[in-house]
Amino acid sequence: MHCVRPIVSDVLLVGASDRRLALFENIYPIPRGVSYNAYLVLDEKTVLLDTADSAVSVRFLENLAHGLQGRSLNYIIVNHMEPDHCATLADVLRLYPEAKIVASAKAISMIGQFFDCDVTNRCTAVKEGDTLSTGRHNFTFAMAPMVHWPEVMVTYDTTDKILFSADAFGTFGALNGNIFADEVAFESEWLPDARRYYTNIVGKYGPQVQTLLKKAAGLDIQFLCPLHGPIWRENTGWFVEKYQRWSSYTPEENTVAIFCGSVYGNTENAADILAAALAERGVRHVALYDVSHTDLSHLVAEAFRCSHLVFASATYNNGIFTPMETLLMDLKAHNLQNRTVALIENGTWAPQAGKLMGELVNGMKNMTLLEGTVSLKSAVKERASLESLADALAAGLQ
């Protein structure tokens, strides 16, 4: 049975949510599920903007058929060729043989890589600034390469001021009846997943996102329609500002996140002492994570959120404790920059983690590494070095 929702009178949400999938892209935990948004425009010519993942293919195709109410499908606009949005494209092409594909040239070249169907005579390649009129609606296209695949584009409906933004402005989380961001507690319940989605999936490509934001700044956007998560129809500037921060690697909050890699609890004790000392100096919202127990995607998101980062690691096999090394390498891979960093190392006979962590941090862009790594040998025997580190961090926050 269909579940089709109107956005405006002739623009419908025809996608579906998946609450069974454990790992998005087989790597990111999504306990709240995920939505695969697709949009249908019922104009003189009908337009489908993107399709959906195979996991929700039955519901998506039911929604599409119900939305069309027996009409032909004239156009399929492909903003993004990633399989979570195009796995059902071949099914749609088969069911609606008159439909023409509108996409970037690079997206069209990818269709044959995913499907064994000849679309040679069914495709129109569009470039920056090209337009498509379907009657009441007029669409214009803007290229958005590497947000976060090279073929990506976004589509702007100049009639109803809708930006169909592909993976930009998306978030993890299934839609539970309320499809608009103003109908949910977005800041408290959705923002952490929106941040985690951006930082882990798109975060590496900040400069490319900045380019897209500059294009969007020249548009009158009344609706933001992403491919994942709620649709924005109010206060869109608030969410755009988050993207400005994340994509420019500007800390979202002036506070400290402590990432701890501890084998027997001694390094964790040092991290706890530091966190308490920071709180005593008036630092609010201090975050402390055990890197062995918190999923990497959450750690990356927190590193993007906070201005000051502390990495506290045991020495392991004469190197960095493995989960901590993984975190640091992942932060570098996601292009994190513009942070102040402090280090704590531990080692019973030959502490090495601090030196090696410092080398990784120095290999990242625009990172300020505080002098004076706190070096422990086994258990914490004195607090002075941790108190001094708290002083330095608190002073930097002011």
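Computed from a predicted model, the values in this text were never measured in an experiment.

What counts, and where the lines are drawn
- Residues numbered from 1 in each chain as written.
- Predicted model: local features only at pLDDT ≥ 70, side-chain atom pairs only at ≥ 80, totals over all residues.
- Heavy atoms only, no water.
- Helix = DSSP H or I, 4+ residues; strand = E, 2+ residues; numbered from the N terminus.
- Buried < 20%, exposed > 50% of the residue type's maximum accessible area, 1.4 Å probe, protein only.
- Contact = heavy atoms within 4.5 Å.
- Areas by Shrake-Rupley, 256 points an atom, 1.4 Å probe, with all protein chains shown as cover.
- Pairing = 2+ DSSP bridges.
- Axes fitted to C-alpha atoms, helices over the stretch in contact; angles between N-to-C directions.
- Salt bridge = Lys/Arg side-chain N within 4 Å of Asp/Glu carboxyl O.
- Parallel < 35°, antiparallel > 145°, perpendicular 65-115°, else oblique.
- Left-handed = near helix turned anticlockwise from the far one by under 90°.
- Nonpolar A, V, L, I, M, F, W, Y, C, P; charged D, E, K, R; others polar.
- Polar contact = N/O pair within 3.5 Å; in protein donor to acceptor, adjacent residues only side chain to side chain.
- Expected span 1.5 Å × (residues − 1).

Turning our attention to the overall build of the protein chain. The number of helices and strands found in the protein chain is 12 helices and 23 strands. By principal-axis analysis of the C-alpha atoms, the protein chain measures approximately 75 × 40 × 35 Å. In the protein chain, which comprises 398 residues, the proportion classed as buried is 55%. Sequence-distant contacts, at least 24 apart, represent 73% of the contacts inside the protein chain between residues at least 6 apart. Looking at the protein chain as shown, the accessible area adds up to about 16,300 Å², and 50% of this sits on carbon and sulfur atoms.

Attention now moves to the sheet that holds strand β10 (residues 100-103). Reading across the sheet, the seven strands line up as β1-β2-β7-β8-β9-β10-β11 and stay open at both edges, with mixed pairing between neighbours. Among the strands making up the open sheet, the edge pair consists of β1 (5-8) and β11 (123-125). Averaged over all pairs of adjacent strands, the angle between strand axes in this sheet comes to 25 degrees, irrespective of strand direction. Relative to strand β2 (residues 11-13), β1 runs antiparallel, the two being bridged by three bridges. Within the sheet, the bridge partner assigned to valine 8 lies in β2 and is valine 11. Set on the sheet, helix α1 (residues 57-68) makes contact with β2, β7 (39-42) and β8 (46-49); between it and β7 the angle comes to about 10 degrees. Strand contacts of helix α4 (residues 105-114): β10 and β11, with the helix running at about 145 degrees to β11, the strand carrying the most contacts.

Our focus in this paragraph is the pattern of salt bridges. Side chains that differ in sign of charge can pair as their charged atoms come close. Overall, the coordinates contain 18 salt bridges when judged by the stated rule. Taking the shortest distance from any N to any O, the salt bridge between arginine 233 and aspartate 182 comes out at 2.9 Å. You can see arginine 233 sitting in the loop between β16 (223-225) and α7 (236-247) and its partner aspartate 182 sitting in the loop between β15 (162-164) and α5 (186-202), a full 51 residues away along the chain. Residue glutamate 183 pairs with arginine 233 through a salt bridge whose shortest N-O separation is 3.7 Å. Of the two residues, glutamate 183 is situated in the loop between β15 and α5 and arginine 233 in the loop between β16 and α7; the sequence distance between them amounts to 50 residues.

It is worth spelling out the pairing of strand β14 (residues 153-157) at this point. In terms of residue burial, β14 counts as a mostly covered element, since five of its five residues are buried. Of the two faces of β14, the one holding Met153, Thr155 and Asp157 and the one holding Val154 and Tyr156 are both buried throughout. Sheet analysis places strand β13 (residues 138-143) next to β14, joined by five bridges and oriented antiparallel. By the bridge assignment, phenylalanine 139 is partnered in β14 with aspartate 157.

This part takes up the packing of helix α9 (residues 296-305) against helix α10 (residues 322-333). Between α9 and α10, whose axes approach to 10 Å, the crossing angle comes to 55 degrees. When the axis of α9 is compared with that of α10, the two are oblique. The handedness of the crossing between α9 and α10 comes out as right-handed. Of the residues in α10, those in contact with Leu296, Leu299, Val300 and Ala303 of α9 are Thr326, Leu327, Asp330 and Leu331. When its residues are assigned to classes, the contact of α9 with α10 shows six nonpolar, one polar and one charged.

Let us now look at the environment of tyrosine 249. Tracing the chain through its elements places tyrosine 249 in the loop between α7 and β17 (253-261). The buried category is assigned to tyrosine 249, whose relative accessible area is 4%. For tyrosine 249 and phenylalanine 169, which are 80 residues apart along the polypeptide, the C-alpha to C-alpha distance reads 16 Å. Contacts of tyrosine 249, omitting those with residues within four sequence positions, involve Gly203, Lys204, Tyr205, Gly206, Pro207, Phe304, His334, Asn335, Leu336, Gln337, Asn338 and Arg339. In terms of polar contacts, tyrosine 249 uses its side chain to reach the backbone amide nitrogen of glycine 206, at 3.1 Å. Side-chain polar atoms of tyrosine 249 contact the side chain of asparagine 335, separated by 3.2 Å.

A few words now on unusual backbone geometry. Following valine 147, the chain continues into histidine 148 via a peptide bond in cis, with omega recorded as 5 degrees. If you check the backbone angles, tyrosine 249 has positive phi at about 60 degrees while not being a glycine. One non-glycine residue, asparagine 338, lies in the positive phi region at around 60 degrees. By the element assignment, asparagine 338 lies in the loop between α10 and β21 (340-346). Using a relative accessible area of 31% as the deciding quantity, one classes asparagine 338 as partly exposed.

Now for helix α8 (residues 266-280). For α8, built from 15 residues, the straight-helix expectation of 21 Å at 1.5 Å per residue is met to within 8% by its first-to-last C-alpha distance of 21 Å. Taken together, the buried positions of α8 are Thr267, Ala270, Ala271, Ile273, Leu274, Ala275, Ala277 and Leu278. On its buried face, α8 sits against β17, β18 (287-290), β19 (306-316), β21, β23 (374-376) and α12 (384-397).

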